[in-house]
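Now for the letters of each chain:
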Amino acid sequence: MSFESAMARLGGTSLSVGSVEACSIAKGETLADTIRVVSGYADAIVIRHPKEGAARLAAEFATVPVINAGDGAGQHPSQTLLDLYTIRQSMPIDKIDVALIGDLRYGRTAHSLASALSLYDARLHTISPKGLELPATLAAELSDKGMEIIEHDDINEVISDVDVLYVTRIQRERFPDSASYFNVASNYRITPELLAGARKHLIVLHPLPRVDEIDPGVDELPYARYFEQSRNGVPVRMAMLMRVMQ
Amino acid sequence: MKKTETTENEGLLVRRIKNGTVIDHIDGGEALNVVKILGITGTTQEALSIATNVPSRNMGCKDIVKLTNRELSKEEVDRIALISPRATINIIRNFKVCEKKGVEIPTLIVGLVRCPNPGCISNTNEPIQSKFNVLPKGLHCFYCDWVITKDLTSHII
């Protein structure tokens, strides 16, 4: 929706494919063909797709610019740009300590943000349930770039040492049953009590939507920046659209 | 008896070919994977001879593949470098070695290896071939960024 809002504010219009059931994809059309067709209808394509690499494939077949708005468990670069913008509003990004908490294996926003932060000499702290850690190949790539990554079992270990706390949703479908999901998810919940020991300038970010990861009581604290972060999605995406269509 | 032993020692394990390609200095035990990489399935027309674990002065043991009436292109042979970088290619015409070349590791591999990531777009019905950049750390999927670091041959299509 934020891309549509961005396009409208730029004075343009957007055509949304909407649900898969309502379009040719449901009839078995390949993504390649869909992209070729849509290239004739629009000046740019914004694609969100459940398969990793879908945006790169789209870029191969499109005759107009393609923006990746999330590809499976892969990347979410536009989210990262607005994440960086939100951090930059509060502090310089260089050499900061950032904690990523939640599902870091399938959470594409975490992958893109971690990659981007490696350009800023930031230190990464990761806190995730067993099996949902940062993918090994990504962690190795970041380490090769010189990024320091520290794994923690408990957010309490690190809450007083970080400048940014980036929270991601732990999806229920990753667990065999609801009981084990609730059991794990409760250990990754951000509460006002937890933040009592945080640095004064800490900011808490979340790509939204949230479920139970952040206690609503946190919303009133100065640390909470996730709604501002969400709002930032519009100007950042306006800038992206402008850039690719210039 | 002695004569028989001498004959066995001096004889060629696989006889000379008149025209075609000899791939020599393949790492011991990799010949069958080389054949797989070249797409030779047994249903193709070429006569194929394979010698495995042949004693070699420089390599300890090596494999050799001889392919009759087919001259391999550079692109084809460079794929072999992924599993056997010391391999040498001899193009044979009328029993003579007309060209001799080493293999070079290519920078891009197209349509040879299947991405192990089940969520990768290259594993769907899209009209594309798999594409991997060859990096020092392994094969990097152009589409989903997955990196194959080991057991490459099990991913060959």
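The rules behind each value
Residues numbered from 1 in each chain as written. Chains lettered and ligands numbered in written order. Predicted model: local features only at pLDDT ≥ 70, side-chain atom pairs only at ≥ 80, totals over all residues. Helix = DSSP H or I, 4+ residues; strand = E, 2+ residues; numbered from the N terminus. Buried ≥ 20, exposed ≤ 12 C-beta atoms within 10 Å, placed from the backbone. Contact = placed C-beta atoms within 7 Å. Pairing = 2+ DSSP bridges. Axes fitted to C-alpha atoms, helices over the stretch in contact; angles between N-to-C directions. Core = buried A, V, L, I, M, F, W, Y, C linked by C-beta atoms within 7 Å. Domains from an automatic or database assignment. Nonpolar A, V, L, I, M, F, W, Y, C, P; charged D, E, K, R; others polar.

**Focus on the overall build of chain B**
- Looking only at helices and strands, chain B has three helices and nine strands in total.
- Based on the C-alpha atoms only, the size of chain B along its principal axes is roughly 65 × 30 × 25 Å.
- Taken across its 157 residues, chain B has 31% of its residues classed as buried.
- Taking the intrachain contacts of chain B between residues at least 6 apart in sequence as the baseline, contacts between residues at least 24 apart amount to 59%.

**Observations regarding the sheet that holds strand S1 (residues 20–27) of chain B**
Residues and elements named next belong to chain B.
- A sheet is described by the order of its strands in space; here five strands give the open sequence S2-S3-S1-S4-S5, paired in antiparallel fashion. Two strands in the sheet have a free side with no partner beyond their single neighbour: strand S2 (48–56) and strand S5 (96–102). Taken pair by pair, the neighbouring strands of this sheet meet at an average axis angle of 20 degrees, ignoring direction.
- As paired elements, S1 and strand S3 (residues 60–68) share six bridges and run antiparallel to each other. Residue threonine 21 lies in a different strand from S3, and its bridge partner there is leucine 67.

**Focus on the nonpolar core**
- Counting 53 residues, the largest nonpolar core has Leu57 and Ala58 of chain A together with Ile23, Val34, Val65 and Cys141 of chain B as the members making the most contacts within it.
- For leucine 57 of chain A, the contacting residues outside a window of four places in its chain are Leu31 and Ala32 of chain A together with Ile121, Glu126, Ile128 and Tyr143 of chain B.
- Of all hydrophobic cores here, the second largest spans 33 residues; its members include Ala114, Val162, Val167 and Ile190 of chain A.

**With respect to the environment of alanine 62 of chain A**
Residues and elements named next belong to chain A.
- Tracing the backbone shows alanine 62 in the loop between helix H3 (54–61) and strand S2 (66–71).
- By C-beta crowding, alanine 62 is classed as partly exposed, having 19 other C-beta atoms within 10 Å.
- As for alanine 62 and isoleucine 35, which are separated by 27 residues in sequence, their C-alpha atoms are 5.7 Å apart.
- Non-local contacts of alanine 62, meaning those with residues more than four positions away in its chain, are made with Ile35, Ser39 and Ile45.

**Concerning the sheet that holds strand S9 (residues 147–148) of chain B**
Residues and elements named next belong to chain B.
- Across the sheet, four strands lie side by side as S6-S7-S8-S9; this open sheet has antiparallel pairing. Two strands lie at the open edges of the sheet, namely strand S6 (108–110) and S9, each paired on one side alone.
- Where strand S7 (residues 131–135) and strand S8 (residues 138–141) come together, four bridges link them in antiparallel fashion. Paired with valine 134 across the strands is leucine 139, a residue of S8.

**Let's talk about the pairing of S1 of chain B**
- Here S1 of chain B pairs with strand S4 (residues 88–93) of chain B via five bridges, running antiparallel. In the strand pairing of S4 of chain B, threonine 21 of chain B is matched with isoleucine 91 of chain B.

**Some words on the environment of tyrosine 106 of chain A**
Residue and element names in this part refer to chain A.
- Its place among the elements puts tyrosine 106 in the loop between strand S3 (97–101) and helix H5 (108–117).
- The buried category is assigned to tyrosine 106, around which 20 C-beta atoms lie within 10 Å.
- For the pair tyrosine 106 and glutamine 171, spaced 65 residues apart in sequence, the C-alpha separation works out to 9.2 Å.

**What about the domain arrangement of chain B?**
Residues and elements named next belong to chain B.
- The assigned domain composition of chain B is domain 1 (12–102) and domain 2 (108–155).
- The distance between the C-alpha centroids of domain 1 and domain 2 comes to 25 Å.
- The partner domain 2 presents four residues to the five residues of domain 1 that form the contact.
- Its residues assigned to classes, the side of domain 1 that touches domain 2 shows three nonpolar, one polar and one charged.

**Thoughts on unusual backbone geometry**
- Looking along the chain, the bond that leaves leucine 208 of chain A and enters proline 209 of chain A is cis, with omega of 5 degrees.
- Checked against the element boundaries, proline 209 of chain A lands in the loop between strand S7 (203–205) and helix H9 (226–245).
- Unlike most non-glycine residues, leucine 208 of chain A shows phi in positive territory, near 60 degrees.
- Turning to its location among the elements, leucine 208 of chain A is positioned in the loop between S7 and H9.
- Here leucine 208 of chain A falls in the partly exposed class, since 15 other C-beta atoms lie within 10 Å of it.
- Non-glycine residue aspartate 151 of chain B carries a positive phi angle of around 55 degrees.
- Relative to the helices and strands, aspartate 151 of chain B is located in the segment after S9.
- Looking at aspartate 151 of chain B, the number of C-beta atoms within 10 Å reads 8, which means it is exposed.

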